[in-house]
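Residue-level structural notes
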Amino acid sequence: MKAFVESSHFRNFIMTLIVINAITLGLETYPYEGDWFTTWLPMMDRIIVGVFVVELTLKLIAYRHRFFLSGWNWFDLFVITVSVIPAAGGFSVLRALRIVRAFRLFSVMPDLRKVVEALLNAIPGMGAVIAVLGLMFYVSAVMATKLYGEAVPERFGTLGDSAFALFQVMTLEGWASDVAIPVMETHPWAWIFFVVFIVLTSFAVLNLFIAIIVDSLQSKHFDDEEARDAEADADREILHTEIAGLRAEIAALTAVVQRSLGEAPSSSSSENADDRSE
């Protein structure tokens with residue numbers, strides 16, 4: 001059973017069903033009224049969910065308690081559980097979560113799984129960067145409220161408004177026309193504040209996120225290489241041990257053969273001596 005659920009054919013079959021199911025769920029968002037849309041698509045959805053339930057059951061049988069030791073198996077269990085919840089009553093809102101089945105490609109495709117694992121490994125390092133960015137936002141929001149709150153109250157009237165406006169500035173989306181220029185009408189030197197904020201946030205802190213994620217991906221790649229090297233070293237040690245054992249067995253067999261060959265001439269010579277005496 002374990003060999004079956006881990007085989008490439010079974011994995012490719014499940015991956016194909018995930019892609020098909022994602023397409024059908026997208027088609028259900030269109031307001032069509034044909035029989036194939038109102039009858040066949042829901043039926044196909046139920047069949048695919050049934051196959052997913054069978055897949056989960058086979059994994060539970062194959063792995064038993066070890067099934068719950070993998071975070072990806074917990075993810076599959078959550079996705080399939082959401083899929084079988086009836087779309088009625090208070091559970092109707094969960095019907096929209098059926099599209100999370102498309103995320104099961106992460107657990108089926110090893111390459112995508114490596115990328116997700118690298119992103120999860122980068123979260124601890126990103127926490128420090130988020131703390132630095134949050135501190136910059138808070139200080140800048142307080143300064144902007146104090147400096148420009150009276151001139152542009154709709155943008156910097158409160159701390160929350162200032163934080164939201166500065167977030168727009170950080171994304172560089174319309175920051176000049178929507179935020180900076182209205183402030184500069186009453187504070188001509190306000191561009192210095194916004195330029196410094198953009199340099200510190202968009203060009204410095206956000207690039208740290210990219211650096212941490214790239215470093216995590218490289219570390220994941222190096223860890224995989226080290227694991228393969230360790231496995232290769234273990235295989236080499238096993239081969240060396242087996243070769244040494246074979247050499248010892250060959251030496252023992254050679255000694256036995258030499259002793260047998262040495263005893264044969266001596267026994268034949270004694271027999272010849274007895275014949276001559278007779």
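Scroll up to find the structure this text is about.
Overview of the structure.

The rules behind the values
Residues numbered from 1 in each chain as written. Predicted model: local features only at pLDDT ≥ 70, side-chain atom pairs only at ≥ 80, totals over all residues. Heavy atoms only, no water. Helix = DSSP H or I, 4+ residues; strand = E, 2+ residues; numbered from the N terminus. Buried < 20%, exposed > 50% of the residue type's maximum accessible area, 1.4 Å probe, protein only. Contact = heavy atoms within 4.5 Å. Areas by Shrake-Rupley, 256 points an atom, 1.4 Å probe, with all protein chains shown as cover. Phe/Tyr/Trp six-rings, centres within 6.5 Å; stacked < 30°, edge-to-face > 60°. Core = buried A, V, L, I, M, F, W, Y, C linked by side-chain atoms within 4.5 Å. 1 Å grid on protein atoms, 1.4 Å probe; cavity = no way out; pocket = protein on both sides within 12 Å on 5 of 7 lines; lining within 4 Å. Points joined across faces, edges and corners; volume = space filled by probe spheres on them. Nonpolar A, V, L, I, M, F, W, Y, C, P; charged D, E, K, R; others polar. Axes fitted to C-alpha atoms, helices over the stretch in contact; angles between N-to-C directions. Parallel < 35°, antiparallel > 145°, perpendicular 65-115°, else oblique. Left-handed = near helix turned anticlockwise from the far one by under 90°. Patch = residues over 30% accessible without salt bridge, like charges linked within 9 Å, V, L, I, M, F, W, Y side chains within 5 Å. Salt bridge = Lys/Arg side-chain N within 4 Å of Asp/Glu carboxyl O.

1. Structural notes on the overall build of the chain
From N to C terminus, the chain includes 10 helices and 0 strands. Reading the secondary structure of the chain in the N-to-C direction produces α-α-α-α-α-α-α-α-α-α. Here the chain holds 278 residues, and the buried ones make up 25% of them. Contacts in the chain between residues far apart in sequence, at least 24 positions, make up 64% of those at least 6 positions apart. For the chain, the accessible surface area stands at approximately 18100 Å², while carbon and sulfur atoms represent 68% of it.

2. Some details on the packing of aromatic side chains
For the coordinates displayed, the defined rule picks out 10 aromatic pairs. Note on F67 and F68: the rings are 5.3 Å apart at their centroids and 85° apart in plane angle, and the pair reads as edge-to-face. With a relative accessible area of 1%, F67 lands in the buried category. Accessibility expressed as a relative area gives 39% for F68, which makes it partly exposed. A centroid spacing of 5.4 Å and a plane angle of 80° characterise the contact between F193 and F194, whose relative ring orientation is edge-to-face.

3. Things to note about the nonpolar core
Among the nonpolar cores identified, the biggest contains 24 residues, and Y148, F156, L166, V183 and F194 are the most heavily contacted of them. Mapped by element, the contributors of at least two residues to this core are α6 (110–148), α8 (159–171), α9 (175–184) and α10 (190–277). No other element matches the 8 residues that α6 contributes to this core. Filtering out sequence-adjacent residues up to four positions away, L166 remains in contact with F137, S140, A141, F156, F193, F194 and F197. Core analysis: the next-biggest nonpolar cluster, separate from the first, contains 15 residues, L17, F52, Y63 and L105 among them.

4. Quick look at the layout of surface pockets
Empty space within the largest pocket amounts to approximately 380 Å³. Taken together, 18 residues form the lining of the largest pocket, with V5, K59, Y63, S107 and R113 sitting closest to its centre. At the level of secondary structure, the elements contributing two or more residues to the lining of the largest pocket comprise α2 (8–27), α3 (35–63), α4 (71–84), α5 (104–108) and α6. Of the residues assigned to the lining of the largest pocket, the class counts are 8 nonpolar, 3 polar and 7 charged.

5. Topic: unusual backbone geometry
Phi is mostly negative for residues that are not glycine, and the peptide bonds are mostly trans. One non-glycine residue with positive phi stands out, namely R64, at about 55°. On the basis of relative accessibility, which here comes to 57%, the residue R64 falls in the exposed class.

6. Some details on the packing of α8 against α9
For the pair α8 and α9, interaxial distance at closest approach is 9 Å and the crossing angle is 130°. Put simply, α8 runs oblique to α9. Here α8 runs over α9; the crossing is left-handed. Along its contact with α8, which presents A165, Q168 and V169, the element α9 presents W175, D178 and V179. Its residues assigned to classes, the contact of α8 with α9 shows 4 nonpolar, 1 polar and 1 charged.

7. Concerning the environment of F167
Relative to the elements of secondary structure, F167 occurs in helix α8. Accessibility expressed as a relative area gives 45% for F167, which makes it partly exposed. Considered as a pair, F167 and I198 are 31 residues apart in the sequence and their alpha carbons are 9.9 Å apart.

8. Details of a nonpolar patch on the surface
Nonpolar side chains collect at one region of the surface, where V19, I23, L27, Y30, Y32, W36, W40, M43 and I47 lie side by side and expose about 910 Å² of accessible area between them. Listed by contribution, the elements that provide at least two residues to the nonpolar patch are α2 and α3. The element contributing the most residues to the nonpolar patch is α3, with 4 residues. Among the structural elements, L27 can be located in helix α2.

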